[in-house]
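Results of the structural survey
Here is what each chain is made of, one letter per residue.
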Amino acid sequence: MPSKKMNVVLLPGDGIGPEVMAEASRVLNWMIEHRGVPATVQEFQYGAEAYRLTGAVLPPATEKALQEADAILFGATGGPEFDAIPKVERRRGSLLHIRRTLELYANVRPIVTIPALYEASSLKNRVLQGVDMVIVRELIGGIYFGEPRGIETLPDGQRRGFNTQTYTSSEIRRVARFAFEQARLRKGRVCSVDKANVMESGVLWREEVQALRDAEFQDVELTHMYVDNCAMQIVRAPAQFDVLVTDNIFGDILSDCAAMACGSLGMLPSASLGPAREGGRRSAVYEPVHGSAPDIAGKGIANPLGAILSLAMALRLSLGRPSEADLLEGAVGAALDAGARTSDIREERLPVISCRQMGDAVLRELDRVEPRFEARAEART
Ligand code: NAD
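The structure presented is a predicted model; accordingly, all values stated were derived computationally and were not measured.

As for the packing of aromatic side chains
In this structure the tally under the stated criterion is four aromatic pairs. Here the aromatic rings of Tyr-105 and Phe-178 are separated by 6.4 Å at their centres, their planes lie at 85°, and the arrangement is edge-to-face. Of the two residues, Tyr-105 sits in the loop between α6 (95–101) and β4 (106–112) while Phe-178 sits in helix α8 (residues 169–184), which places them 73 residues apart along the sequence. For Tyr-105, a relative accessible area of 8% translates into the label buried. Taking relative accessible area as the criterion, Phe-178 reaches 7% and is therefore assigned buried.

Overview of helix α3 (residues 60–68)
Residues of α3 that are buried: Thr-62, Ala-65 and Leu-66. Looking down the long axis of α3, one finds its buried residues gathered within 100° of arc, a one-sided arrangement. Turned more than 90 degrees off the buried face of α3, the exposed positions are Pro-60, Ala-61 and Lys-64. Of the surrounding elements, those touching the buried residues of α3 are β1 (6–13), β3 (71–76) and α6.

Re the domain arrangement of the chain
In terms of domains, the chain is made up of domain 1 (1–114 + 263–374) and domain 2 (122–129 + 143–243). Domain 1 and domain 2 are separated by 26 Å when their C-alpha centres are compared. In this assembly, ten residues from domain 1 lie in contact with eight residues from domain 2. Roughly 890 Å² is buried in total at the junction of domain 1 and domain 2, and carbon and sulfur atoms are behind 64% of that figure. If you sort the residues of domain 1 by the area they bury against domain 2, Leu-96, Arg-100 and Tyr-105 come out on top, with a joint share of 50%. Here domain 1 and domain 2 share one salt bridge between them.

A closer look at the sheet that holds β4
Taken together, ten strands build an open sheet; the order of strands is β2-β1-β3-β12-β11-β4-β5-β10-β8-β9 and the sheet is mixed. Each having just a single partner strand, β2 (39–43) and β9 (221–226) make up the two edges of the open sheet. Neighbouring strand axes in the sheet, compared pairwise and without regard to direction, differ in orientation by 20° on average. Relative to the sheet, helix α10 (residues 227–236) contacts β8 (189–194), β9 and β10 (243–246), its axis offset from that of β9 by approximately 105°.

Focus on the environment of Asp-256
With respect to the element layout, Asp-256 can be found in helix α11 (residues 248–259). Take Asp-256: its relative accessible area is 34%, and that puts it in the partly exposed class. Among all residues touching Asp-256, those that are not within four sequence positions of it are Leu-265 and Val-289.

Describing the pairing of strand β11 (residues 269–273)
Where burial is concerned, most of β11 is hidden: five out of the five residues are buried. Of the two faces of β11, the one holding Pro-269, Ala-271 and Leu-273 and the one holding Ser-270 and Ser-272 are both buried throughout. Sheet topology note: the β4/β11 ladder contains three bridges and is antiparallel. Each residue of the ladder has a partner; that of Val-108, found in β11, is Ala-271. In this sheet, strand β12 (residues 284–288) lies alongside β11 in antiparallel orientation, the contact comprising five bridges. Bridge pairing in β12 places Ala-271 opposite Tyr-286.

A few points about unusual backbone geometry
Of note, the amide linkage connecting Glu-147 to Pro-148 takes the cis form, showing an omega dihedral of 0°. Its location among the elements puts Pro-148 in the loop between β5 (132–138) and β6 (150–153). Positioned with a positive phi, Glu-103 is a non-glycine residue whose angle comes to about 60°. Note that Glu-103 resides in the loop between α6 and β4. Here the phi dihedral of Ala-293 falls at roughly 40°; this positive angle occurs in a residue that is not glycine.

Some remarks on the site of the ligand
Contacts to the ligand come from 20 residues, most closely from Thr-77, Gly-291, Ala-293, Asp-295 and Asn-303. Asn-303 is positioned with one of its backbone polar atoms (N or O) 2.9 Å from a nitrogen atom of the ligand. Computed on the free molecule, the ligand has an accessible area of 800 Å², of which 65% lies beneath the protein chains in the complex. Residues of the shell around the ligand, tallied by class, amount to nine nonpolar, eight polar and three charged.

Details of the nonpolar core
Ranked by size, the top nonpolar core spans 100 residues in total, and within it Leu-328, Val-362 and Leu-366 carry the most contacts. At nine residues, helix α12 (residues 305–317) tops the list of elements feeding residues into this core. Composition of this core by domain shows at least three residues from each of domain 1 (1–114 + 263–374) and domain 2 (122–129 + 143–243). What Leu-328 contacts, discounting residues up to four positions off in sequence, is Val-27, Met-31, Ile-308, Leu-311, Ala-312, Leu-315, Val-362 and Leu-366. Counting residues in each nonpolar core, the second largest holds 20 residues, with Tyr-46, Val-57, Ala-65 and Ile-85 among its members.

The rules behind these values
- Residues numbered from 1 in each chain as written.
- Predicted model: local features only at pLDDT ≥ 70, side-chain atom pairs only at ≥ 80, totals over all residues.
- Heavy atoms only, no water.
- Phe/Tyr/Trp six-rings, centres within 6.5 Å; stacked < 30°, edge-to-face > 60°.
- Helix = DSSP H or I, 4+ residues; strand = E, 2+ residues; numbered from the N terminus.
- Buried < 20%, exposed > 50% of the residue type's maximum accessible area, 1.4 Å probe, protein only.
- Arc of directions from axis to C-beta.
- Contact = heavy atoms within 4.5 Å.
- Domains from an automatic or database assignment.
- Buried area = accessible area lost by both parts, 1.4 Å probe.
- Salt bridge = Lys/Arg side-chain N within 4 Å of Asp/Glu carboxyl O.
- Pairing = 2+ DSSP bridges.
- Axes fitted to C-alpha atoms, helices over the stretch in contact; angles between N-to-C directions.
- Near = heavy atom within 4 Å.
- Polar contact = N/O pair within 3.5 Å; in protein donor to acceptor, adjacent residues only side chain to side chain.
- Areas by Shrake-Rupley, 256 points an atom, 1.4 Å probe, with all protein chains shown as cover.
- Nonpolar A, V, L, I, M, F, W, Y, C, P; charged D, E, K, R; others polar.
- Core = buried A, V, L, I, M, F, W, Y, C linked by side-chain atoms within 4.5 Å.

See the structure below:
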């Protein structure tokens, strides 16, 4: 357990980001106060509001804080106000830029179904049983970053938009290695997803993942799947997957699709991790999978559980507090069992509560669960 105080940076960002972050922040404060989590927490400006106040989406003070942070909790980015910012400034401060600068190559998205939310899912109960998978998405390569990119006007007056899908063998191998290591901590199975039947970058992806497995991870079972089949399998039988590893754009799309197994995009947490540096420290951004949800921003109705569960991932992966992560996940489960429902996971006969009330429900369960949790921990020692 680390004794030094960890430096946690909060970036609420745009749209519903500040609303969900406020609840994650209250939970983090609870952890500091009640469980002695050794963290100093500072909030920094980012996004459309930062641009309005400072002329920069990512002000220099924020950029510096990100470099020095032990863990970054991020809300969301994007939306109409963000889109109105000049393109050069948007790109300079974009989330993609942050991910690249911090070398966050591995995005981890756990998809675990919760029986209390079966009703909220568009999938049938029998399909949801036993779903416990992790999507590992390559985050700083592929078509979102590839050059050349742009929109050009052709001699005949038509416009042509283009992007480039590109991967090197080392980019593929480092995220595949991460996925194999995850599998060793779980059920030992990796499914690698590509489009090798029509894309050369997919052929390379498949060859490199297989070669790494054969050379260093023979104890891990590896299968390959085309992305179109994978999208179908995720809604047909999601319980078949353990660790799923894929590129940037496929991971982006498949994880939103898989979100419905959990009832709502608002439920899903994620961690974006960089390479381990000296002393074991690695850059890490924890954020809900959802975006800024402009359609509900400012209404106080967003589901904050994706952000709160992202904090649980931070407790486990950056703050050296796996027991507190378990405690928090238990409290979220207990709040849902007790009937707490925001509108995205609404259920007949249960009242719909606000973002703040969902934060209250989790804090109430933490207060309630903690003494029992403490007693169990003591009994174990
Ligand atoms: P979105 O995830 O913001 O919203 C999709 C749908 O899910 C919307 O109907 C929204 O109301 C709902 N939703 C999302 N989060 C919710 C929550 N916590 N509680 C309840 N409902 C929730 O995706 P979008 O509408 O495609 O994109 C909106 C903006 O967000 C765009 O500018 C996009 O670029 C940006 N975006 C940002 C991120 C990020 O910050 N990492 C991720 C995806 C999209």
